[in-house]
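Observations on the model geometry
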Amino acid sequence: MGALTAEPRHEGRLTRGELAALVESQRELVAQAGGGGTWRRDKKGEWAYGGPKGRRQRVQPASLAGRDLKGLDLRRVALPWANLRACRGPGQNLTEADLTGCLLADADLSGATLRRARLEGALLERARLGGAKLLEVSADRAVFARADLSGASFRRARLRGADFSGATLTGCDFRDADIEGASFEGAWLVGARIDWGPLGFPGKERFRVQKVTLKKESEGPDYFSSGEFQVVDQSRGEVMARFSWALDEPFMTNKSYSGPEEVRISEDGSEAIARDASGAEERVLLSAAVRAVELDGVEISPETDIEALVRRIAVEGGPPNAKGERHSAGYFLTKLSRRLGKSPSAVRLNAAVASRLDDPDPRLRAAALRFYYYAPAAEGSERVLDLFRTQRELFSANYKGSSNGETLEGNLVDALSQLLLEETTSERAKDAARAEVLAPGQGGELLSALFKVDRDFVLGHAVEIAASADRRWQDLVYALYVSESEDVGKVAAQIVAAGVTSRAKVVEFVKSKHMTGYYAGLIESALAAKPGTRP
């Protein structure tokens, strides 16, 4: 093993010259066959690097532990097997960076871009990667145990054998990712989107088997508890067969579940065959697409009058056996759309929901808004933005769109906040949100989403935003706190200095929200500092 690495201190900002020297040092390590080793803790709990088995370690990995990476050009940087423990690089662009085998435990890369980066075998335990873009990243056998990956995107990533045990994956996007053999034991997957990818069947290129997780239908969108194998005809994009499964616990723990152990295609390509743990088989012919889909007692086939169905579901508040479910109509329509996949029926359903956004009946408008809250990437979502900008009066009435007292206007703002968080967020959506948070009204609900996609605007207009509406300063402080922004203390001090509110009221608000820890401490320090001094 190499020399032990002490727990890192925050050593300040890394310069371009230091970075160049570290990259050169790492190049020397690889040239001397020092790459390909592993980072692990020794008996004292400290991190140490061991080179490839059987090879003497002559050069130690470069260390960026605890350093601030702000202002550096890290695109295509090559630091394989380096020590980046607890480094700080929120929002950094690490596109195509080579971080193979790196130690990134406790690193802060929140909001960073790691598109097509190499992270094979990297250790990212407890790392903060909330909102990070890891599209097309190559991270086989990477360890993300107990990391915060809230809202991160792993679209088209390669994650074979990766370890996500105990990680926070709220709102993560794993669509089209290859996660064969990955572990999600104890992970928190609220709102995550997962496509288990092609499993591969030689000679059966026409069909693809994918494993899709579904949300727990009895308790709204808050838990994963069931899923299904789908057999998809890739030439037509249609689901040919489905086999369901269910977890024994409401988390994606991989501990135990009922349902098929495997799904395969018959040798002649005519059947899908599901086999459970006892060896029992269920077979479905693939000679024709499944013509009807059933969910909670509602069936859709090519002959179904979708427009009438959407109206009935919205008016009745959901199907009979789903009553009592939170936001049952809009949420049920979202589930139904997902169950239909990319079929023609799904296209018709999405179009029917979009056309109800400005329906004279407020019940239909409420259901359509909740649909796009849960499915902001669905076809027709841009209509939410159009109506927000041009026909806001449609949603200003006091009609309560759900049993818990939410208003139509609140539903509209909620739907826009989810639209902001999509990868394809348009400047039009950002412009609408910017104008909203600077005006009286419901804009406070948008602050957290806007901060994630336009941090500079929120910080640059902090005082204006805080003064734009009663208690808006509370929305602002809380949005920065939950986003774990180190600017929260500075902003709190700014709004007090501008006379928007008083120190006492900010302190009282922090206590009322039970805000504790490092970021609450930043607020306390900033408010305690004398005017004109740095907290």
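One structure accompanies this document, and this report is about it. Think of each chain on its own: its residues are numbered from 1, step by step along the sequence as written. For this predicted model, a pLDDT threshold of at least 70 governs which residues receive local features, and a threshold of 80 or more governs which side-chain atom pairs are given and counted, while totals over whole chains, interfaces and linings are taken from all residues. Note that the side-chain values use all heavy atoms of the structure and ignore hydrogens as well as water.

Turning to the pattern of salt bridges, a few remarks are in order. Between side chains of opposite charge, a pair can form as their charged atoms come close. Note on definitions: salt bridges are taken to be side-chain nitrogens of Lys or Arg within 4 Å of carboxyl oxygens of Asp or Glu. Tallying each qualifying case throughout the model produces 39 salt bridges. Among the salt bridges present, the one from Glu436 reaches Arg392, with a minimum N-O distance of 2.7 Å. Taken as a pair, Glu436 in helix 8 (residues 427–437) and Arg392 in the loop between helix 6 (382–390) and helix 7 (408–420) lie far apart in primary sequence, 44 residues in all. Between Arg434 and Asp431 there is a salt bridge, and its shortest N-O distance comes to 2.5 Å. Of this pair, Arg434 and Asp431 are both found in helix 8, 3 residues apart, which corresponds to roughly one turn of the helix. Residue classification places Asp431 among the partly exposed positions, given a relative accessible area of 41%. Among the charged side chains, a network of salt bridges with common partners joins Arg85, Asp106, Glu125, Arg126 and Arg146. Secondary structure elements are defined from DSSP: runs of H or I of at least 4 residues count as helices, runs of E of at least 2 residues count as strands, and each element is numbered from the N terminus. Whether a residue is buried, partly exposed or exposed follows from its accessible area with a 1.4 Å probe, protein chains only, as a fraction of its type maximum: under 20%, in between, or over 50%, in that order.

With that settled, consider the packing of helix 12 (residues 472–482) against helix 13 (residues 488–497). Fitted lines through C-alpha atoms serve as axes, helices being fitted only where they are in contact, and the angles separating the N-to-C directions of these axes extend from 0 to 180 degrees. Where helix 12 meets helix 13, the axes come as close as 9 Å, and the angle between the chain directions of the two elements is 165°. The orientation of helix 12 with respect to helix 13, classified from their angle, is roughly antiparallel. Crossing hand, helix 12 versus helix 13: left-handed. Counting all contacts with helix 12, which are made through Trp473, Leu476, Val477, Leu480 and Tyr481, the residues of helix 13 involved are Val488, Val491 and Ile495. Three classes are used, and their members are as follows: Ala, Val, Leu, Ile, Met, Phe, Trp, Tyr, Cys and Pro are nonpolar, Asp, Glu, Lys and Arg are charged, and the others, Gly among them, are polar. In the contact of helix 12 with helix 13, the residues fall into 8 nonpolar, no polar and no charged. Orientation labels follow simple angle bins: below 35 degrees gives roughly parallel, above 145 gives roughly antiparallel, 65 to 115 gives roughly perpendicular, and whatever is left gives oblique. We call a crossing left-handed when the near helix sits turned anticlockwise from the far one by less than a right angle, and right-handed when that turn is clockwise. The contact criterion used is simple: two residues touch if any of their non-hydrogen atoms lie within 4.5 Å.

Let us look at the packing of aromatic side chains. Each pair of aromatic rings taken from Phe, Tyr and Trp, with Trp reduced to its six-membered ring, is defined by centres within 6.5 Å and is described as stacked if the planes are under 30 degrees apart, edge-to-face if over 60, and tilted in the remaining cases. Counted by the stated rule, this structure contains 12 aromatic pairs. Both rings, one in Phe154 and one in Phe164, keep their centres 5.8 Å apart while their planes meet at 85°; by these two values the pair is edge-to-face. Taken as a pair, Phe154 in the loop between strand 5 (67–68) and strand 6 (173–174) and Phe164 in the loop between strand 5 and strand 6 lie far apart in primary sequence, 10 residues in all. According to the relative accessible area criterion, Phe154 is buried, its value standing at 0%. The exposure class of Phe164 is buried, given its relative accessible area of 0%. Measuring from centroid to centroid gives 6.1 Å for Tyr478 and Tyr481, while their planes differ by 35°, and the two rings are tilted. Placement of both Tyr478 and Tyr481 in helix 12 is noted, with a separation of 3 residues, approximately one turn of the helix. By relative accessible area, which is 32% here, Tyr478 ends up partly exposed. Residue class for Tyr481 comes out buried when judged on its relative accessible area of 16%. The rings of Phe144, Phe154, Phe164 and Phe174 are connected pair by pair, giving a single aromatic cluster. Charge-over-ring contacts are defined here by two conditions on Lys NZ or Arg CZ: a distance within 6 Å of the ring centre and an angle within 35 degrees of the ring normal. Positioned above the aromatic ring of Tyr478, the side-chain terminus of Lys513 is 5.0 Å from the ring centre.

Below, the discussion takes up the side chain of Glu120. Along the chain, the position of Glu120 falls in the loop between strand 5 and strand 6. A residue is classified by how much of its surface remains accessible, and Glu120, at 14% relative accessible area, is buried. In protein, a polar contact means a hydrogen-donor-capable atom and an acceptor-capable atom, both N or O and within 3.5 Å, with residues adjacent in sequence counting only if both atoms are side-chain atoms; elsewhere, any N or O pair within 3.5 Å suffices. Here the side chain of Glu120 touches Arg118 through a polar contact of 3.4 Å, side chain to side chain. Excluding its chain neighbours within four sequence positions, the residues that come into contact with Glu120 are Thr100, Gly101, Ser138, Ala139, Asp140 and Arg141.

The next thing to look at is the side chain of Ser138. Among the structural elements, Ser138 can be located in the loop between strand 5 and strand 6. Among the residues examined, Ser138 registers a relative accessible area of 18% and is labelled buried. A distance of 2.8 Å separates a polar atom in the side chain of Ser138 from a polar atom in the side chain of Glu120. Those residues in contact with Ser138, other than ones at most four positions away along the chain, are Ala117, Arg118, Leu119, Glu120 and Arg158.

We note that Trp81 has phi near 65°; this positive angle belongs to a residue other than glycine. By the secondary structure assignment, Trp81 is in the loop between strand 5 and strand 6. Of the residues examined, Trp81 reaches a relative accessible area of 16% and is grouped as buried. A positive phi is found at Asp106, a non-glycine position, where the angle reads about 65°.

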